[in-house]
Amino acid sequence: MNKPASVPEQVDAVVVGAGFSGLYMLYRLRQIGLSVKAFDSAGDVGGTWYWNRYPGARCDIATPDYTYSFDPELEKEWTWSEKYATQPEILDYLRFVADRYGLRSDIEFSTAVTSARWDEHEKRWTVTTGHGEEIRCRYYIMATGCLSVPKSPDIEGAGRFAGPVYFTSRWPHEGVDFTGQRVAVIGTGSSGIQSIPLIARQASQLTVFQRTPNFSIPAHNGPAPADRLQQLDEDRDGYRHDARWSRIGVPSEPTDVLGVTASEAVRRERFEAAWQQGELVGIVSVFADQLLNPASNDIVAEMIRAKIRSIVKDPGTAETLCPKDHYFGTKRPCLDTGYFDTYNLPHVRLVDLRKQPIVSITEDGIETADESFGFDAIVYATGFDAMTGALVAADVTGRDSLSLKEKWAAGPSTYLGLMTAGFPNFFMLTGPGSPSVLSNMAVSIEQHVDWVAGCLKDMREEGLDTIEPTELAESGWNQHVQDCAAITLMPTANSWYMGANVPGKPRVFLPYIGGVDGYRQACDDVAGQGYLGFRMTGPGREQCRDGVIRRMQPDVAMVLELIATMDLPPMETLSADDARALMAATAATRPPGPEVGEVTDGVIPGPAGDLPYRLYRPAGSSEGPRPLVVYFHGGGWVLGNLDSDDPLCRDLCERSGAVIVSVNYRHAPEVRFPAAALDAFAAVQWADANAIELGGIPGQLSVAGWSAGANIAAVACQLARDAGGPHISGQMLICPVADSDMTRPSYQENGDGYILTTALMRWFWDHYADPADRRDPRAAPLRGDLQGLPPACIVAADFDPLRDEGVAYARALEDAGVPVRLTRARGHTHTSVTMVGVVISGAPVRAEIGEALRDFFPSVESRERVS
Ligand SMILES: Cc1cc2nc3c(=O)[nH]c(=O)nc-3n(C[C@H](O)[C@H](O)[C@H](O)COP(=O)(O)OP(=O)(O)OC[C@H]3O[C@@H](n4cnc5c(N)ncnc54)[C@H](O)[C@@H]3O)c2cc1C
């Protein structure tokens, strides 16, 4: 079809793939004046919609959204007939687009690209096709699709069946008539769920072989949603803008309702609304925390399971269809039309491969551990080698003869999911590390194509012709992609998002879950910062601003954004009492922290009166004494009390298995330096003397603190050494104030915008100590004698003004011969590590803190891992 007489030897760009992304890429490249050649192994345009012709194949994003939006005229000329269009209609649409913009003349169909090789000298790619043609280009763009390489069935005897075998992803163009046949369907992912009800209508017997049950909700297909159409009619640009800046590429109002705290009535109401709406965007956002908190997720999952049980009449079959081995949304949820109801038909049977595994495919059917089945046809709905399959299937070789397959042997590595170091001028559309399959792909594809076209245009205007990400930028992005996934439940599932469906494929979370909006912002920021993280060259010149575009932990960034919207007055503009009241008000809204075995309040005799303390005993500690940790709260010697650090103390108690004694101390400005430090030392002496009464082990006592609390903990260690006791086993200093010098680089980098500001730190110092006292080691422990101090663990956070003094204290202690563990809280601020139950990414750092505390105490009991 459409094969030109000769292939041009040289073009500006080669595009592989003529689906949604390849077509639009071709259009945009032409628009910026580049010569382009596109190839597709398919016989026509359409990609996914060319290949997947199985009965019931439809989109699962509503058609007003699953459509190109780059040209308002195109939108006017095309009307979708249904909420979820069928495969033939979507294919017609893509054909219409190809014809409307005259794209076919630059596409060679039925032609696979088999290899692409970078020539460093010529700065060009040589692309080879399955027909043996070669074509040279400057830019090589793979628009090869995330779900375009079918996964071959890993079942014994798969080739042995004598009857017809069908793959949902390679369905015969003329269709299949199953009337009167005994049919087997293997696989219950999206394609299985869509096709099973229709195959059941024809087959005389249908047997479905299921390994993993999947969550599915009714699509409630019908006309395109009237509310969406109305919004589009009234303000198309506004609607499209909202889609581009939404979480998944479909306009929607984010909810702040938490599943764990919502009332039963609210939970039910929100779930039923999403069930009735029949859209992914609704069911994945019933609660704001459903992909973060297992308890919240289980509420949604259980409601779906209840629906399945209410539809499927046979209780055993219903139970087998209920997904229980993964959290809802950690595998792509499906939309169906009558799927669960199909199992009520007398000729439809479900076989649970977990209980009755397939032993082999035979000549006339399927043999399981317990039974032999005879079939006339077998349908494989077994999915795809997703996201990386097509990219590594073609032999792409970059600089120094390194192939993409080799580079990605341990998992894909990309910058923005768009490019990869060592492969200049090679772009991937919707590559791993971009939102792609977690989004409305029409929106993600347009964004990727627009970014690539914009980049190539900018390069040309600057006289540049090669582009490649730096190693630093790429590893920073990979880390960010994994950080975003790590705060969700996504990596817990054996999903194709994790590569888990393909034997031997590395387990890495492949797509970017930071949102279509967050991703677009990152791409825009990269371009806006002079293509940060890309090295670009042209005749006689090179341009490179190296760096990492997203270094902050994603949930820390979210908390900062939330705080910014609250418009709080800067603390340093308040009186000490007002600042304390503000801190108490914010503390009251936090999650309480984990349960511990026991909490008791008491008082310690301090140097100038009683000091309140709160004691946390870990669960199970009634069996015997535990090591003691005397803890001091943060708050710049001015703010804070036993309540302010309560969740953190609970967390440390459970993680360390130690008894935590959190001691309040006298605050400035009412009582200034050195009162807080002297109180801390007195508290340590008292705890040591009363270890047995406190449930501690005599001689096993450490100190800990956060911020100013870490400052007085460190000072207490110096005072104890000078006084000849008590013996302190270790000092845990979380983001400590170690010095009064505010000129270190971390103050310049992080002095504004991360809660603890330079101005606030100055306010704290002014309240606490006269300038003359600030060099005293009891205010600035870094300036003291550091010989003979207890082993230390120091936590230094990237976005903390105090980061460098914490690191300096660690180095100085080390130089003085003190064993030191320096824990870098990557992507964290001064406060975020302590936000228990709010900042999920703080948990691994606190796990390290717990481990370090246990290491301070060599006894067996203390080393037992409590949580
Ligand atoms: C059944 C199904 C339903 C889906 N429904 C939705 C939906 O509702 N919403 C949504 O957002 N997404 C959906 N998707 C995802 C869908 O893949 C994307 O929406 C979109 O169609 C991808 O377009 P693409 O051009 O990037 O890739 P594809 O459409 O996959 O096109 C890639 C093309 O590249 C060609 N190709 C690959 N390698 C080579 C090579 N080496 N040489 C030559 N040609 C090659 C392939 O033949 C293919 O035609 C669905 C996917 C499937 C399988």
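Before reading on, note that the structure itself is shown above.
Quick caveat, the model's predicted, so the values are computed rather than measured. (Residues numbered from 1 in each chain as written. Predicted model: local features only at pLDDT ≥ 70, side-chain atom pairs only at ≥ 80, totals over all residues. Heavy atoms only, no water.)

Peer 1: Explain empty space enclosed by the protein to me, using residue names and the numbers behind them.
Peer 2: Across all of its chains, the model carries four cavities of 30 Å³ or more by this definition. Lining the largest cavity are D65, T67, S69, Y239, R240, A243, R244, G249, N440, V443 and E446. Mapped onto the lining of the largest cavity, the elements with two or more residues apiece are α7 (236-244) and α15 (441-461). By residue number, the principal contributor to the lining of the largest cavity is α7, which donates four residues. When its residues are assigned to classes, the lining of the largest cavity shows three nonpolar, four polar and four charged. (1 Å grid on protein atoms, 1.4 Å probe; cavity = no way out; pocket = protein on both sides within 12 Å on 5 of 7 lines; lining within 4 Å. Points joined across faces, edges and corners; volume = space filled by probe spheres on them. Helix = DSSP H or I, 4+ residues; strand = E, 2+ residues; numbered from the N terminus. Nonpolar A, V, L, I, M, F, W, Y, C, P; charged D, E, K, R; others polar.)

Peer 1: Which residues make up the site of the ligand, and what are the values?
Peer 2: Around the ligand there are 30 residues in total, and S21, T48, D60, Y66 and M441 lie nearest to it. D60 has a polar backbone atom sitting 2.5 Å from an oxygen atom of the ligand. The fraction of the free accessible surface of the ligand (980 Å²) that becomes covered by protein chains is 93%. For the shell around the ligand, the secondary-structure elements that each account for two or more residues are α1 (20-31), α2 (48-51) and α15. (Near = heavy atom within 4 Å. Polar contact = N/O pair within 3.5 Å; in protein donor to acceptor, adjacent residues only side chain to side chain. Areas by Shrake-Rupley, 256 points an atom, 1.4 Å probe, with all protein chains shown as cover.)

Peer 1: A description of the pairing of strand β8 (residues 182-186) should follow, citing residues and the corresponding values.
Peer 2: Summarising burial for β8: four of the five residues are buried, a large majority. For the handedness criterion, the β-α-β arrangement of β8, helix α5 (residues 190-202) and strand β9 (residues 205-210) is classed as right-handed. Sheet analysis places β8 next to strand β16 (residues 377-380), joined by four bridges and oriented parallel. Counted as the bridge partner of V185 is V379 from β16. (Buried < 20%, exposed > 50% of the residue type's maximum accessible area, 1.4 Å probe, protein only. Right-handed = clockwise from strand over helix to strand, strands pointing away. Pairing = 2+ DSSP bridges.)

Peer 1: I'd like a rundown of the packing of α1 against α15, residues and numbers included.
Peer 2: One way to put it is that α1 packs onto α15 with a least axis distance of 9 Å and a crossing angle of 30°. One way to sum up the angle between α1 and α15 is to call them roughly parallel. Of the two elements, α1 crosses α15, and the hand of that crossing is right-handed. Note on element contacts: α15 touches α1 through A442, I445, E446, V449, D450, V452, A453 and L456, opposite F20, S21, Y24, M25, R28 and L29. For the contact of α1 with α15, a count of residues per class yields 10 nonpolar, one polar and three charged. (Axes fitted to C-alpha atoms, helices over the stretch in contact; angles between N-to-C directions. Parallel < 35°, antiparallel > 145°, perpendicular 65-115°, else oblique. Left-handed = near helix turned anticlockwise from the far one by under 90°. Contact = heavy atoms within 4.5 Å.)

Peer 1: So what's going on with α7? Residues and values would help.
Peer 2: By the burial criterion, the buried members of α7 are G238, Y239, R240 and A243. Residues of α7 that are buried in the fold lie against α3 (72-77), α6 (226-234), α15 and α17 (516-528).

Peer 1: Outline the pattern of salt bridges, supporting the account with residue identities and numerical values.
Peer 2: Applying the stated rule across the entire model yields 62 salt bridges. Where R30 meets D106, a salt bridge forms, and the shortest distance between an N and an O atom there is 2.9 Å. Taken together, the positions of R30 in helix α1 and D106 in the loop between α4 (87-100) and β3 (107-108) put the pair 76 residues apart, joining distant regions of the chain. R30 sits in the partly exposed class, given a relative accessible area of 27%. A salt bridge links R655 to D651, with the nearest nitrogen and oxygen atoms 2.6 Å apart. (Salt bridge = Lys/Arg side-chain N within 4 Å of Asp/Glu carboxyl O.)

Peer 1: Let's hear about the sheet that holds strand β19 (residues 466-469): which residues, and what values?
Peer 2: Sheet architecture is open: three strands sit in the order β19-β20-β21, paired in antiparallel fashion. At either end of the open sheet lies a strand with only one pairing partner, and these are β19 and β21 (541-544). Adjacent strand axes in the sheet meet at a mean angle of 15° when their direction is disregarded. Here four bridges tie β19 to strand β20 (residues 534-538), and the two strands are oriented antiparallel to one another. When the sheet's bridge partners are listed, I467 is paired in β20 with M536.

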